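These are the residues of each chain, in order.
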Amino acid sequence: MASSFFTKIPSLSVIFSIYTSLSAFTILFRTILHEILPAKIRDFIVSKFTDCFSSYFSSSFTFVIEEHCDYVINQTFRAAQVYLPTLLAGISTGSLLVSSSDLKNPTAKPNFGIPVKAKITDEFEGIPLEWTLHSEKDTIPPQNRQRRYNPEFHEWESTIFQHHTTFETLAMEPELKNSLICDLDAFSKRKDFFKTVGRAWKRGYLLHGPPGTGKSSLVAAIANHMNYNIYDLQIQSVKDDAMLRQILTMTENRSILLIEDLDCSGADASCRNEDKVDEERGQNQNKEKKKKKKDPDQVTLAGLLNFVDGLWSSCVEERIIVFTTNHKDKLDPALLRPGRMDVHILMDYCTPTVFKKLAALYLDVEEHVLFEPIEKALLEVNATPAEVTEQLMVSMNPDVTLKVLVEFLQTKKLTKDNDSVDSEIKEAEA
Ligand SMILES: Nc1ncnc2c1ncn2[C@@H]1O[C@H](COP(=O)(O)OP(=O)(O)OP(=O)(O)O)[C@@H](O)[C@H]1O
């Protein structure tokens, strides 16, 4: 065990390659100062620099290694995570975090980690060093975050949530948008109501509709409106129900659990017997029913639903669960049963009202002579808001852009007409 563990340890010099880059930058900077700038300007800059940084360079210097760098895992952080548990002797608290995420093998090799705030003394080429792990909770003010489950490290990886879609910039039928906002606001204020009626303080939304109609954008708008974190779970990456249970218990309150493209997951209707969920809950007594073979290594819809309205729900507060699908018709009826997902929202093809909202947003125009042919065409062909916004970004000039959109819709209509003529001919030949 020890040998395989230690072969993974990066050398300290790898971690300090960043130091080499800084040194190279310093040399270049000094050359510029000496050879290009006149002496008076040089002295002025040096004095300003000394004023600013003298406190940092006096006797010690701090390197900050953040866990994420431009939204991806910082490999220097990972390297430090592997390296530091080897410095057992230098840990101030004299303790190490020990964990294992292998559900099937309790005797599996444990992972080691450093406790937060513990100080670790170290040395590099004669220079004394001190390492400390800080938690973001201590150092970063609360911000909206999006977390994506990483099966490799069995953890939710966190990034600052920077999706700019809000209900202001989301084009939807106004009545639908307003009723959704009212629903969300009512939900956030009804803690006592949920308690009184003995229900878990959670709300489930099923967003369905063709690709490019704004389902993901709507989730972002909800997160921004509620100021919630998003836990984005790729259900395909979850091995089985036990792992699902463990992953979900690692999520926090005041958050959205997002499971996208549910029809493509292992938990969809096309993969299983439609009655299986009820059967597993003991509600279906018909033992004669033919059972489909179950893959034990796959998350099941029953496992998922047990969390949506089962035990997990009773120990969490202020949760929103969002499922998205492009094919509602392919979903297991158990998921569509009344009371399961509280609100079903159809995100549909672009309507004239939605187009007007997009034109106002993208081109800052409320009226235009080309609106009429565009609105007429949108009633005849299916164009998604994503397709429409793509055309609206062609130019900032409304005359040019709307003309491009008219041509785009005309081409779509022509293709549609040709397709229906072709199928009529085929039917006649048959
Ligand atoms: N209703 C909308 N209002 C404003 N912009 C939209 C809307 N729908 C789509 N868009 C634009 O199209 C892009 C793609 O939309 P989005 O990813 O939200 O669609 P989706 O329905 O989730 O698609 P998929 O099912 O393929 O994931 C968005 O980033 C946004 O720019």
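Residues numbered from 1 in each chain as written. Predicted model: local features only at pLDDT ≥ 70, side-chain atom pairs only at ≥ 80, totals over all residues.

A.B. asks: Which parts of the structure should I look at to understand the overall build of the chain?
C.D. replies: Within the chain, the regular secondary structure consists of 18 helices and 13 strands. Counting contacts in the chain only where the partners sit at least 6 residues apart, residues at least 24 apart contribute 73% of the total. (Helix = DSSP H or I, 4+ residues; strand = E, 2+ residues; numbered from the N terminus. Contact = placed C-beta atoms within 7 Å.)

A.B. asks: Is there a simple way to think about unusual backbone geometry in this case?
C.D. replies: We note that Asn 227 has phi near 60 degrees; this positive angle belongs to a residue other than glycine. Even without being glycine, Glu 318 reaches a positive phi, approximately 55 degrees. Along the chain, Glu 318 falls in strand 12 (residues 317-325). Taking the number of C-beta atoms within 10 Å as the measure of exposure, Glu 318 has 17 and is therefore partly exposed. (Buried ≥ 20, exposed ≤ 12 C-beta atoms within 10 Å, placed from the backbone.)

A.B. asks: Would you take a moment to explain the site of the ligand for this structure?
C.D. replies: Pro 211, Gly 214, Ser 216, Pro 385 and Ala 386 are the nearest of the 15 residues found near the ligand. Contributions of two or more residues to the shell around the ligand are made by helix 9 (215-226) and helix 17 (385-392). Within the shell around the ligand, the residues separate by chemical class into seven nonpolar, seven polar and one charged. For the shell around the ligand, the two domains that each supply at least three residues are domain 2 (145-346) and domain 3 (352-429). (Near = placed C-beta within 6 Å. Nonpolar A, V, L, I, M, F, W, Y, C, P; charged D, E, K, R; others polar. Domains from an automatic or database assignment.)

A.B. asks: Sorry if this is basic, but what is going on with the confidence of the model for the chain here?
C.D. replies: Low pLDDT means the predicted atomic positions in that stretch should not be read closely. Mean pLDDT over the chain: 78, with 68% of residues reaching 70 or higher. Under a pLDDT of 50 for its full length, residues 1-7 has, in the predicted model, one contact with residues more than four places off or in other chains. Note that pLDDT drops below 50 for residues 269-294; the model gives that stretch 26 contacts with residues more than four away or on any other chain. The ipTM assigned to the predicted complex is 0.97, against a pTM of 0.64. (pLDDT = per-residue confidence, 0-100.)

A.B. asks: Where do I start with the pairing of strand 10 (residues 229-232) in this structure?
C.D. replies: Of the pairings in the sheet, the one linking strand 10 to strand 11 (residues 255-259) comprises four bridges and is parallel in character. When the sheet's bridge partners are listed, Ile 230 is paired in strand 11 with Ile 256. Traced from strand 10 through helix 10 (residues 241-249) to strand 11, the parallel crossover comes out right-handed. (Pairing = 2+ DSSP bridges. Right-handed = clockwise from strand over helix to strand, strands pointing away.)

A.B. asks: I'm lost on the environment of Ser 217 in this one. Help?
C.D. replies: Structurally, the position occupied by Ser 217 is in helix 9. The exposure class assigned to Ser 217 is buried, which follows from the 21 C-beta atoms found within 10 Å. Sequence separation between Ser 217 and Thr 165 is 52 residues; the distance between their C-alpha atoms is 6.0 Å. Ser 217 has contacts with Thr 165 and Leu 170, leaving out every residue within four places of it along the chain.

A.B. asks: What's the story with the environment of Glu 372 in this structure? I'm lost.
C.D. replies: Along the chain, Glu 372 falls in helix 16 (residues 371-380). On the basis of neighbour counts, which here come to 11 C-beta atoms within 10 Å, the residue Glu 372 falls in the exposed class. Considering only alpha carbons, one finds Glu 372 and Pro 352, 20 residues apart in sequence, at a separation of 9.2 Å.

A.B. asks: Looking at this model, I keep getting lost on the nonpolar core. Mind explaining?
C.D. replies: Side chains of a nonpolar character, in soluble globular proteins, are inclined to be buried together. Of all hydrophobic cores here, the largest spans 59 residues; its most connected members are Val 219, Ile 222, Leu 233, Ile 256, Leu 258, Val 322 and Phe 355. Looking at this core, the element that brings in the most residues is helix 9, giving six residues. Looking at which domains feed residues into this core, each of domain 2 (145-346) and domain 3 (352-429) gives three or more. Once residues within four sequence positions are removed from consideration, Phe 355 is found in contact with Cys 350, Ile 374, Glu 375, Leu 378 and Val 388. (Core = buried A, V, L, I, M, F, W, Y, C linked by C-beta atoms within 7 Å.)

A.B. asks: Explain the packing of helix 16 against helix 18 (residues 398-429) here, please?
C.D. replies: When two helices pack together, their arrangement is given by the angle between the helix axes and the distance between those axes. Across the interface, helix 16 lies against helix 18 with an axial gap of 10 Å and an inter-helix angle of 25 degrees. Classified by the interaxial angle, the pair formed by helix 16 and helix 18 is roughly parallel. In this structure, helix 16 crosses over helix 18, and the sense of that crossing is left-handed. Between helix 16 and helix 18, the residues in contact are Pro 373, Ile 374, Ala 377, Leu 378 and Glu 380 and Leu 402, Leu 405, Val 406, Leu 409, Gln 410 and Lys 413, respectively. Partitioned by chemical class, the residues of the contact of helix 16 with helix 18 number eight nonpolar, one polar and two charged. (Axes fitted to C-alpha atoms, helices over the stretch in contact; angles between N-to-C directions. Parallel < 35°, antiparallel > 145°, perpendicular 65-115°, else oblique. Left-handed = near helix turned anticlockwise from the far one by under 90°.)

A.B. asks: Would you take a moment to explain the environment of Val 381 for this structure?
C.D. replies: Structurally, the position occupied by Val 381 is in the loop between helix 16 and helix 17. Residues within four places of Val 381 in sequence aside, it is in contact with Leu 409, Lys 412, Lys 413 and Lys 416.

A.B. asks: How should helix 7 (residues 174-189) be read in this particular structure?
C.D. replies: Owing to its 3.6 residues per turn, the α-helix brings residues three or four apart onto one side. Helix length check: helix 7, at 16 residues, gives a terminal C-alpha distance of 23 Å against a target of 22 Å (1.5 Å per residue), a fit within 8%. Where helix 7 is concerned, the buried positions are Leu 180, Leu 184 and Phe 187. When helix 7 is viewed along its axis, its buried side chains cluster within an angular range of 65 degrees and face the same direction. Helix 7 presents Pro 174, Glu 175, Asn 178, Cys 182, Asp 185, Ala 186 and Lys 189 as exposed residues on the side facing more than 90 degrees away from its buried surface. In the core, the buried residues of helix 7 are packed alongside strand 9 (201-208), helix 9 and strand 13 (343-346). (Expected span 1.5 Å × (residues − 1). Arc of directions from axis to C-beta.)

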